[in-house]
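Structural characterization, general
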Amino acid sequence: MQRSRLPLPAFLLLGALLGAQVPGPLRFERSGGLETTRLAETLEECRALAKASPWVRVGAFGRSPEGRDLPVVIVDKDRRFDPASARKAGKAVVMIQACIHAGECEGKDAGLLLIRDLAVAKRRAEWLDRLVLVFIPVFNVDGHEHFGPFNRINQDGPKEMGWRTNATNLNLNRDYLKADTPEMRAWLKLHRAWLPDFFVDCHATDGADYPYVLTYGAEMLEQASPQVEARLGAWIRNTYLAEFRRRMEGEGLPVFPYVAFRKWHDPRSGLVIQSPEPGWSHGYQSVQNRPGMLLETHMLKPYKARVEATLAALRHTADLVYRERDTLLALNRQADAFTASKAFRETPLALRYEAEGAGEPVTFKGFAYTQEKSALTGGDWFKYDRTKPVDFQIPTYRQTKVAASVRLPEAYLIPGAWTEVIARLDFHGIRYHRLRTARKVAVDTVAFEDVQWQPRPYEGHAMPMAYGTRALRVERVFGPGSALVPTSQRTARIIAHLLEPASRHSLLRWGFFNPIFQQQEYGESYVLEPLAREMLARDPALRAELERKKASDKAFAGDPEAILNWFYARSPYWDSRLNVYPVGRIEDESTVASLLRD
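Residues numbered from 1 in each chain as written. Predicted model: local features only at pLDDT ≥ 70, side-chain atom pairs only at ≥ 80, totals over all residues. Heavy atoms only, no water.

The strand order across the open sheet built from 8 strands is β3-β4-β6-β5-β7-β12-β8-β9, with neighbouring strands paired in mixed fashion. In this open sheet, the two strands that pair with only one neighbour each are β3 (56–63) and β9 (255–257). On average, each strand axis in the sheet is tilted by 25 degrees relative to the strand beside it, whichever way the strands run. In this sheet, strand β12 (residues 292–297) lies alongside strand β8 (residues 214–217) in antiparallel orientation, the contact comprising 4 bridges. Note that in β12 the partner of Thr-215 across the bridge is Glu-296. Sheet strands touched by helix α4 (residues 106–120): β3, β4 (69–75), β5 (92–97), β6 (131–136), β7 (198–204) and β12. Its angle to β6, the strand with the most contacts, is close to 145 degrees. (Pairing = 2+ DSSP bridges. Helix = DSSP H or I, 4+ residues; strand = E, 2+ residues; numbered from the N terminus. Axes fitted to C-alpha atoms, helices over the stretch in contact; angles between N-to-C directions. Contact = heavy atoms within 4.5 Å.)

Turning our attention to the packing of aromatic side chains. Summed over the entire model, instances satisfying the criterion amount to 31 aromatic pairs. A centroid spacing of 5.8 Å and a plane angle of 75 degrees characterise the contact between Tyr-210 and Phe-364, whose relative ring orientation is edge-to-face. Separated by 154 residues along the polypeptide, Tyr-210 in the loop between β7 and β8 and Phe-364 in strand β14 (residues 360–373) bring together distant segments of the chain. For the residue pair Tyr-210 and Phe-364, the accessibility class agrees, reading buried in each case. (Phe/Tyr/Trp six-rings, centres within 6.5 Å; stacked < 30°, edge-to-face > 60°. Buried < 20%, exposed > 50% of the residue type's maximum accessible area, 1.4 Å probe, protein only.)

The next subject is the sheet that holds β14. Strands belonging to one sheet form pairs held by backbone hydrogen bonds; the direction of such a pair is parallel or antiparallel. Read across the open sheet, the 4 strands follow the order β10-β11-β15-β14; overall the sheet is mixed. Strand pairing shows two members of the sheet lacking a second neighbour, β10 (261–263) and β14, which therefore form its edges. Strand-to-strand twist across the sheet, computed as the mean angle between neighbouring axes with direction ignored, equals 45 degrees. Bridging between β14 and strand β15 (residues 380–398) involves 14 bridges; their strand directions are antiparallel. When the bridges of β15 are listed, Pro-361 appears paired with Pro-395.

What follows covers the pattern of salt bridges. Going through the model one piece at a time under the given rule, you end up with 54 salt bridges. Measuring nitrogen to oxygen at the nearest pair gives 3.3 Å for the salt bridge that ties Glu-104 to Arg-152. With a gap of 48 residues between them, Glu-104 in the loop between β5 and α4 and Arg-152 in the loop between α5 (141–144) and α6 (182–194) connect regions that are remote in the sequence. Put simply, Glu-529 and Arg-533 hold a salt bridge, and the shortest N to O gap is 2.6 Å. With Glu-529 and Arg-533 both in helix α14 (residues 525–538), this residue pair falls 4 residues apart, about one helical turn. According to the relative accessible area criterion, Arg-533 is exposed, its value standing at 53%. (Salt bridge = Lys/Arg side-chain N within 4 Å of Asp/Glu carboxyl O.)

Structural data, given as structure tokens:
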């Protein structure tokens, strides 16, 4: 990023802070906690910190579709501002991200306050002996500049803020696996370079009203088939989260897991605690074998209180990672090694979870509320009384039952024609081998049946919503350029979620393979009518099968074209690739070794 030629904010000489020349108050502070900055002023505040401290460097990790720099601030006491140097020094990398939803901007102001404390005021500067901070003040820069006072109807301040989605109305926090947007592709490159040891994403929530200023999401569930390596998951639950909750409560800021009621707005309906999905920021960290923390301040609390709660959470996180650096780095390395191992491939990997059993009662701090039918809409109208705090005992349903799982093969094989799918491997840093010659390979795959489609596009995609599968073993020619993807690598969890159709965030589910569901060749009636009669004459059992189909499906029975197509599907002319997943699974290690030598 080029240095701005805009004038920097006025500097104040604060003798109490070791005589350091410190930037003046942030706009957040000057406004009494009521305002936040536009992008240009955000960059001015970042550069002022860099000017005041040699420990701070401001840069850019890409450009947005509308041509704005994507800013990043690196904080390192030893001025090791590149990933290799920081790793060589044994630093734990803490990445803090703000404004992926640019109307939820608490993390931007809290992150700048944290950096000023560490690098300029030198408070808690010892943390930087063991940590390097990678801070993204505004990820969704184009959405951020869709700035105004009416962008968050459910939110109390700041006076003006950015917009939830990017310039093409896509939600970046649904894009981590499919990587549609230029912003996300740039972020994935930054993430690959630094591979943070701990990641924090700062948000403000929607939903019910309750006293908690801050709720959180992380890998907090103990599961038979965990989303993260078991020892790392235990550290997240038993060391980090346990101490984080204790410290926040000690500051008068009790926290609670991210609030998702079984019935929206209604605490008595019960809570659902779920494992974060890999298409979201903190869930993506899990499939990268790293801890990820989602901070969700409560949208109806004043902006000043939300920033202060976020700052407290960031400080405690930095201190905990500082104290636990050696353990955390060792656990992360172990998680990478296990995920690349044969033992991992021999263990079923959970792709989806669901809640099971009766709800476990927990104490939830809420407000007294009433529920009545609206005379205007006929719907439920919830009314909260903030003057009456109430401790509810409500059932909590934990998503610990595995709804879909898979044993990973030794490798996947993707035909070279699926270029957008193979490109996603590059975005995620997945290692693969291109075939140089055509090879006939026996692979396992599936045929899809009874495919149902979402009625409306979601995040710009037409998505198959539900489908059955039938296992197939086929011998297929894979041409030059086909991608062989071994699963013996640290990114194996990502590979599985991208390529296994049962994953909720698979590329199949996102619509990247939609052409396989489209019949492209059809038979004319003057050809199929005599062919159908020939087929019935050769195979009398076919008539009974046809009559059963007519009896069970009245729409089919009344559709002459569908009946003729039914015969066509049973003829040698039928497209054998229709509804068949083109990605193959290879279980045999010797076959993988042979293809790698190609």
